[in-house]
Each structure stands twice: as C-alpha cells, then as structure tokens.
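Next come the chains, spelled out residue by residue.
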Amino acid sequence: MGPTTRARFVYNRRRRAVEEASDDEEEQHDTSSSSDEEEEEAEEASGEEVDDEEEAAAAEPGAKKPPAAAAAGERRGGRKDPITISLKKVCKVCKRTGHEAGFKGAVYIDCPMKPCFLCKMPGHTTLTCPHRIAMEHGVIPAPRRNTNTSLDYVFQSQVKGKISMVKPQFLIPNQLDCGNVKFHQRRVTCLEFHPARNNVLLSGDKKGLLGIWDYVKLHEKITYDSVHSCILNSMKIDTANDGVLYTASSDGTASSTDLDTGIGSPLLNLNPNGWNGPSTWRMIYGMDLNTDKGLLLVADSFGFLYLLDRRSKTRIGHPILIHKKGSKVTCLHCNPAQPEVLLSSGNDHYARIWDTRNLVPNSPLASLAHGRVVNSGYFSPHSGNKILTTCQDNRIRVWDYIFGNLESPSREIVHSHDFSRHLTPFKAEWDPKDYTETVAVIGRYISENYNGVALHPIDFIDTSSGKLLAEVMDPDITTISPVNKLHPQDDILATGSSRSIFIWKPKNEADLIEERTKQKAKKYIYGSGSRKKSNGKHDNSSDDDSDGDSDGKNKKAKRTRFTHTVKGKGKSKV
DNA sequence: AATATATGGGCCC
DNA sequence: TGGGCCCCCTATAT
C-alpha cells in the first residue's frame, strides 16, 4: 500500500513510456501530476550530468571533483549526433533519467524511486537511512566493548598494566589467518567445525561437494563429490560418534558419511523416482540431530518434517506438515536444553516451536510471525531460552523467552542481509562460546566504503542492545560473505565467501600492544582535537575503543558506518 | 571489457 | 491457487 505501491506503479508506467517513445514524446504521454516527478524533470532540464557528479563528490568527502562539465560539453558540442537523446543516461533500476543507481566509486547510490534497500521503508535511500548511523568505534578487537559498567572500568584501570594476559571475554577473530582456500568450484553453502578433531573444518558447496580440511596444515584436505549432487544445505557431526557426518541437500537426500572413508549411506531419499520437473522435486534444507534420542530431523521444500532413527536408518511415523503446504522449510534446530523441543523456520513467514514427542500438524507450541521468509531460527546455545531469527525483511529478531509471549519479538535489529538468488541465504548465529547468550555473527550484504574500496563486512552484534560489536573485513575479500561459523571452543571464525573459505583469528597480543602504542604516540603528537569526547568518563584510557582503527586503514576523517537499530518490545510494528 | 547466465521469491492477475 | 513476470550493492566464465 501507500508510497511503495505508488512508486511501483509509476515505475511500470514510466518504463512503458520509455520503451514506446523518445524522451520528448514521453512528456506528452505523461499525464501525471505527481509533484516529485515534476521536480525530477526540472532537475533533468538543468543538466543531469553535473548533478550526478556533485552527488558523487558529496558522497566521498576526499574525492576530487572531475571536470564533468567540460566532458559533457565535448560530448554534446563536438559534432552532430542524430541519436543524442537515446544516449541520455538512464537509471538501471527505474529506467528514468535524472539519476543513476549503482556504484560511484566505493559508494553505492540507490535508486530514489525504490524503498530504502536497508530498512525497506519508502522516502529515503540507504545513504540517509536512520538505521545507518555513525559509530564511535572501528574494527579492532575491543575486549571491553560490551561491558560498560563502572565496576568493569575500575577493574580494568587497576588491573591493566599489571597483568598482561587477561583473556578478554569476547575476542573478535578479525584477522585473516591463512591464505584464501579455494578448492570449491561453486559457492560455499555451509561450514561446520568438527567438534572434537582439532583444526578440522567441513565445508559444502552448491554442487554438493564435501570438503574436509585441516586449517593448520592446509595440504591435509579431502573432498568427496559422491555424497550429494547439488546444494549441500546442512551438516552435523554425530556427537556420539564423531567420525560420522550427517548431511542434507537440495538433491532431496539426507546421508550419513564416514569422515575417513567418504563412504556414505543415504538415510532418506525424497526423490526416489528421479527428476520429474520442479513441481515434484523435493529439496532438504533444514536438518538437525537430537542426540538424546538418536533422532535425525529433516524437513523438505514442501513443508514436511521427517523423523529418522539414526541407527536403524528408518523413518519414524509419517511426514508431518509443519509449514504452509508447498513452502520450503529453511531451518531446523533442536533446543540444546530440551532436545525434544524443535524450532522450524519457513518460507511461509513463520518460525514455529514444536514438541517432537507429540507432533500434530498445524498445532505448534508457538508460531513466530515474521515480515517475510525466515532464513533461520536458532535457540540460544546454552539455556535454549532465547531464539534468534534471520528474516528476509532485513531484520534480525530476538525472542527472549521461548515459552513466554511470542506474539512479537523482544527486539528487532535492522541489518542488511537481503535475499539474492545468487547468494546463500544469510543466517545470524549465536556465538557458541558466549555464556551470556548475546553475541551473534552474520555477514552483511550492503558494502561499506572502506578506504575507497567497497567491502562487505561480517558483523558481530550484541543482540541484547543491538550494538555493533565489530565488523570484520579484509581488503582482499571483496565478495559478500553469507556463510559464517564460529568455532565452538576457540576464538576462530570461518567464512564462506563465494568459492573461498577464510579463517579468522584475533589479532595477537603483540599486534594489539603495538597498535595501542602507536595510537598513544599519535595522540601525543596531534593532540586529541579530532577525537570525539564521549562523556568525559574515561577519555584518557588508551584502550578506549572510540576511534579504534589505528592500523592506517581508515585514514578518512569521517566514516559513516552502517549499522542497525533495535526496536524493543512494545513499540509499533514494522 | 562487455555480456551471458544461474534461478529464488514476491507479487500480480 | 498457479503461472508468468520482474528483480538493486553477484560472481564467474566467455
């Protein structure tokens, strides 16, 4: 309704007009009296190319202004050109003139005719989105970042300098540890750390290839291409027998594979009659293991849940409809504290809680309504009392009490993780090491101008406050990183970005000390004039994270960092 | 260096 | 309820 619909309408009509007529004719056809259209046309008449360049210059403070007018003059005045009008620049999104969507340098300029790409509300673009606000900190690990109590401050100021190796509670793995691992031929779709074998990471890709590799000894890697024939969607190691891996795939099978031999045996095949067109082909996205009961749970792209006995490899009962018939179940997760409690997420815009001991179709324990497709839903890793969902409406939702009032989420965090058919869906995941059950990690879709390069960071979010704890990026990774996995014990992050896999570790102590020393020296030389004073409480502390970056990567004075905002319970729904 | 293409989900009729 | 059309920050192969 409202502005969105109107924009769409205008867009379609405009398109037809552009296709059918030249610009001049178009004006005659145009009977609209919409005020903003008139405004745009006026802008056009005054010379759109100059406007464009000004826009670019404004977006990048340090950038030189190119001699746009001169260039335009040459183009126009040089010689006769009968088809000049058709060369007029047109926005690739809405096909209108007067503006252009796309990258201007490292900054993406949205089409103003569309709702905001970040928060999805009309009337502004991501550049001016209220959910994109300036942050005070940079990307270096800030151990105390999320502990702001005065007690903590006192503790830090007294203890710091006396003991050098206090392990911070949250160490952000933000430095690339090893080279770009690129043995997958298609995009990486899932990652899993081996829970018991040191330094072993399992990876799956769009073609169904399974990779097992040691990220300390990079040459020790194995790939199996016989397990699945297309997208590997989910992996799980059997904790009772950690030599066995369970996998689920869009080929419609769930398998158990011996990690050492690669010999797999299918536990379930939902397409026993082979390919008979997309309307009958079943795919498996959601999968989880109830280790207590030796139960493998799997859900297909038609809304059905299947229970499998792990040992006998047989189905238990009949498939049960847990989401809208014909819609994809995107994710399954067993509650870590009560494994019989199951969380399912689906394309029908719901996440649902079930009791697997008493499954009745259309009778979940709870139904969590979302604005769009729910990519994932996970119980918090220890108490299992919270739920974290990722939805294609660009919002991460936190539901604090799984048996409480789930009519609306406790918090909504606007965050850019749009759907794109070419990307593996983004999924926010809890940090399994975080006993406070607050930290989550998720890749970011929209890019940030990072010293002139557009990069897509991986965000660490404090889900209790919505605060961005860290944004992890590297100039060498220019691709989007939708797949991220935190190590269950170590401060390690594995990232799947396009065909590559990256391992991140925290910067080591020596690097940190060096950085802080430099920072201090800088401060001494240049003073603190450029520093933003917070509340004066501790603006003398060297480990203040207010302007974290000192590694020379962020030289530009002002960076407007994308972040996200939190909507608490009780406020109006989006 | 331009271009083709894979292919999911929303939305409209 | 289903088919057809549209699509915005891809990444890669040619």
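Look a little higher up for the structure.
The model shown is predicted, which means the values in this text are computed figures rather than measured ones.

J.: Hey, could you run me through the overall build of chain A in this one?
T.: Assigned secondary structure in chain A consists of seven helices and 33 strands. Taken over 574 residues, chain A has a buried fraction of 51%. The contacts of chain A with a sequence gap of at least 6 include a subset with a gap of at least 24, amounting to 52%.

J.: Just checking my understanding: could you explain the packing of aromatic side chains for this structure?
T.: Summed over the entire model, instances satisfying the criterion amount to seven aromatic pairs. For the pair Phe117 and Tyr445, a centre-to-centre distance of 5.7 Å together with 80° between the ring planes defines the contact as edge-to-face. Note that Phe117 is positioned in the loop between β2 (107-109) and α6 (150-159) and Tyr445 in the loop between β25 (439-443) and β26 (448-450), a separation of 328 residues in sequence. Seen in terms of ring centroids, Trp275 and Trp281 are 5.5 Å apart; in terms of plane orientation they differ by 55°. Their pairing is tilted. Classification of Trp275 by relative accessible area gives exposed; the value is 56%. For Arg282, the ring lying beneath its charged end belongs to Phe302, and the centroid distance is 4.6 Å. The aromatic ring of Tyr350 is capped on one face by Arg352, whose charged end is 4.8 Å from the ring centroid.

J.: It is not clear to me how the protein's contact with DNA strand B should be interpreted in this structure. Could you clarify?
T.: Around DNA strand B, the neighbouring residues are Lys206, Lys328, Asn347, His349, Arg372, Val373, Phe419, Arg421 and His422. Sugar and phosphate atoms constitute 56% of the interface atoms of DNA strand B, taking the interface as everything within 4 Å of the protein. Separating a phosphate oxygen of DNA strand B from a side-chain N or O atom of Lys328 is a distance of 3.1 Å. Here a base nitrogen of DNA strand B sits 3.4 Å away from a polar atom, N or O, in the side chain of His422. Of the residues in the surface near DNA strand B, the class split is two nonpolar, three polar and four charged.

J.: Quick question: what am I supposed to make of the pairing of strand β4 (residues 188-193) here?
T.: Moving residue by residue along a regular strand, the side chains alternate between the two faces of the sheet. For β4, the tally of buried residues reaches six of six residues, placing the bulk of the element in the interior. For β4 and strand β5 (residues 200-205), the ladder comprises five bridges, and the chain directions are antiparallel. Within β5, the residue paired with Phe193 across the bridge is Leu201.

J.: Explain the pattern of salt bridges to me, please; I cannot follow it from the model alone.
T.: Side chains that carry opposite charge are capable of pairing whenever their charged atoms lie near each other. Taken as a whole and assessed by the stated rule, the structure comprises 20 salt bridges. Between Glu429 and Lys485 there is a salt bridge, with its nearest N and O atoms 3.1 Å apart. Taken together, the residues Glu429 in strand β24 (residues 429-430) and Lys485 in strand β30 (residues 483-486) connect sequence positions 56 residues apart. A relative accessible area of 14% places Glu429 in the buried class. Here Lys433 ties to Asp431 by a salt bridge, and the two come within 3.2 Å at their closest N and O atoms. Accessibility classification places Lys433 together with Asp431 in one group, the buried group. Through salt bridges that share partners, Arg132, Arg444, Glu448, Asp459 and Glu471 make up one connected network.

J.: Please explain the side chain of Asn394 as it appears in this structure.
T.: Considering the arrangement of structural elements, one finds Asn394 in the loop between β21 (387-391) and β22 (395-399). For Asn394, a relative accessible area of 0% puts it in the buried group. Excluding anything up to four places from it in sequence, Asn394 contacts Phe117, Leu118, Lys120, Ile413, Val414, His415, Ser416, His417 and Asp418.

J.: Explain the side chain of Ser500 here, please?
T.: Take Ser500: it is sitting in strand β32 (residues 500-505). Relative accessible area serves as the criterion here: at 5%, Ser500 is assigned to the buried category. Setting aside chain neighbours within four positions, we find Ser500 in contact with Asn180, Val181, Lys182, Val188 and Thr495.

J.: Would you take a moment to explain the nonpolar core for this structure?
T.: Most often, soluble globular proteins have nonpolar side chains that are buried together. Among the nonpolar cores identified, the biggest contains 17 residues, and Tyr246, Leu268, Ile284, Met287, Leu296, Val298 and Tyr306 are the most heavily contacted of them. Only β9 (244-249), β11 (264-269), β12 (284-290), β13 (295-300) and β14 (304-309) provide two or more residues apiece to this core. Apart from the residues within four sequence positions on either side, Tyr246 is in contact with Ser234, Met235, Lys236, Asp238, Ser255, Ser256, Leu267, Met287, Leu289, Leu296 and Arg310. Grouped together as the second largest cluster of nonpolar side chains are 16 residues, Trp430, Ile442, Tyr445 and Ile480 included.

J.: Whenever I open this one, the sheet that holds strand β18 (residues 350-355) confuses me. Can you help?
T.: Strands belonging to one sheet form pairs held by backbone hydrogen bonds; the direction of such a pair is parallel or antiparallel. Taken in spatial order, the four strands line up as β16-β17-β18-β19 in an open sheet, and their pairing is antiparallel. Each end of this open sheet is capped by a strand with a single partner; those strands are β16 (329-334) and β19 (366-369). Geometrically, the sheet is characterised by an average inter-axis angle of 15° between neighbouring strands, direction not taken into account. Pairing between strand β17 (residues 341-346) and β18: five bridges, direction antiparallel. Bridging from a neighbouring strand, Leu343 pairs with Ile353 of β18.

J.: I'm lost on the sheet that holds β14 in this one. Help?
T.: Within the open sheet, the four strands sit side by side as β12-β13-β14-β15. Their pairing is antiparallel. Unpaired on one side and paired on the other, β12 and β15 (315-321) mark the two borders of the sheet. The mean angle between the axes of side-by-side strands here comes to 15°, regardless of whether they run parallel or antiparallel. Across four bridges, the pairing between β14 and β15 is antiparallel. If you follow Leu308 over to β15, its bridge partner there is Arg315.

J.: Looking at this model, I keep getting lost on the pairing of β21. Mind explaining?
T.: Within β21, five of the five residues are buried, which leaves it mostly tucked inside the rest of the structure. Residues Ile387, Thr389 and Cys391 point to one face of β21 and Leu388 and Thr390 to the other, with burial holding for every one of them. For strand β20 (residues 374-379) and β21, the ladder comprises five bridges, and the chain directions are antiparallel. Looking at β21, one finds that Ser376 is bridged to Thr390. In the sheet, β21 pairs with β22 via five bridges, with the strands oriented antiparallel. In the strand pairing of β22, Leu388 is matched with Val398. Hairpin connection from β21 to β22: three residues lie between these consecutive antiparallel strands, with Asn394 at a positive phi of about 65°.

J.: Whenever I open this one, a positive patch on the surface confuses me. Can you help?
T.: A contiguous patch of positive charge, built from Lys182, Arg186, Lys206, Lys207 and Arg499, is present on the exposed surface. With respect to the helices, strands and loops of the structure, Lys207 is situated in the loop between β5 and β6 (210-214).

J.: Please clarify how the environment of Asp225 should be interpreted in this entry.
T.: Within the fold, Asp225 resides in the loop between β7 (221-224) and β8 (232-237). Its relative accessible area of 62% is what places Asp225 among the exposed residues. Residues Asp225 and Ser447, 222 residues apart in the sequence, show an inter-C-alpha distance of 33 Å.

Conventions and cut-offs
- Residues numbered from 1 in each chain as written.
- Chains lettered and ligands numbered in written order.
- Predicted model: local features only at pLDDT ≥ 70, side-chain atom pairs only at ≥ 80, totals over all residues.
- Heavy atoms only, no water.
- Helix = DSSP H or I, 4+ residues; strand = E, 2+ residues; numbered from the N terminus.
- Buried < 20%, exposed > 50% of the residue type's maximum accessible area, 1.4 Å probe, protein only.
- Contact = heavy atoms within 4.5 Å.
- Phe/Tyr/Trp six-rings, centres within 6.5 Å; stacked < 30°, edge-to-face > 60°.
- Lys NZ or Arg CZ within 6 Å of the ring centre and 35° of its normal.
- Near = heavy atom within 4 Å.
- Polar contact = N/O pair within 3.5 Å; in protein donor to acceptor, adjacent residues only side chain to side chain.
- Nonpolar A, V, L, I, M, F, W, Y, C, P; charged D, E, K, R; others polar.
- Pairing = 2+ DSSP bridges.
- Salt bridge = Lys/Arg side-chain N within 4 Å of Asp/Glu carboxyl O.
- Core = buried A, V, L, I, M, F, W, Y, C linked by side-chain atoms within 4.5 Å.
- Axes fitted to C-alpha atoms, helices over the stretch in contact; angles between N-to-C directions.
- Patch = residues over 30% accessible without salt bridge, like charges linked within 9 Å, V, L, I, M, F, W, Y side chains within 5 Å.
- Areas by Shrake-Rupley, 256 points an atom, 1.4 Å probe, with all protein chains shown as cover.
- Lys, Arg positive; Asp, Glu negative; His and termini not counted.
- Charge placed at Lys NZ, Arg CZ, Asp CG, Glu CD.

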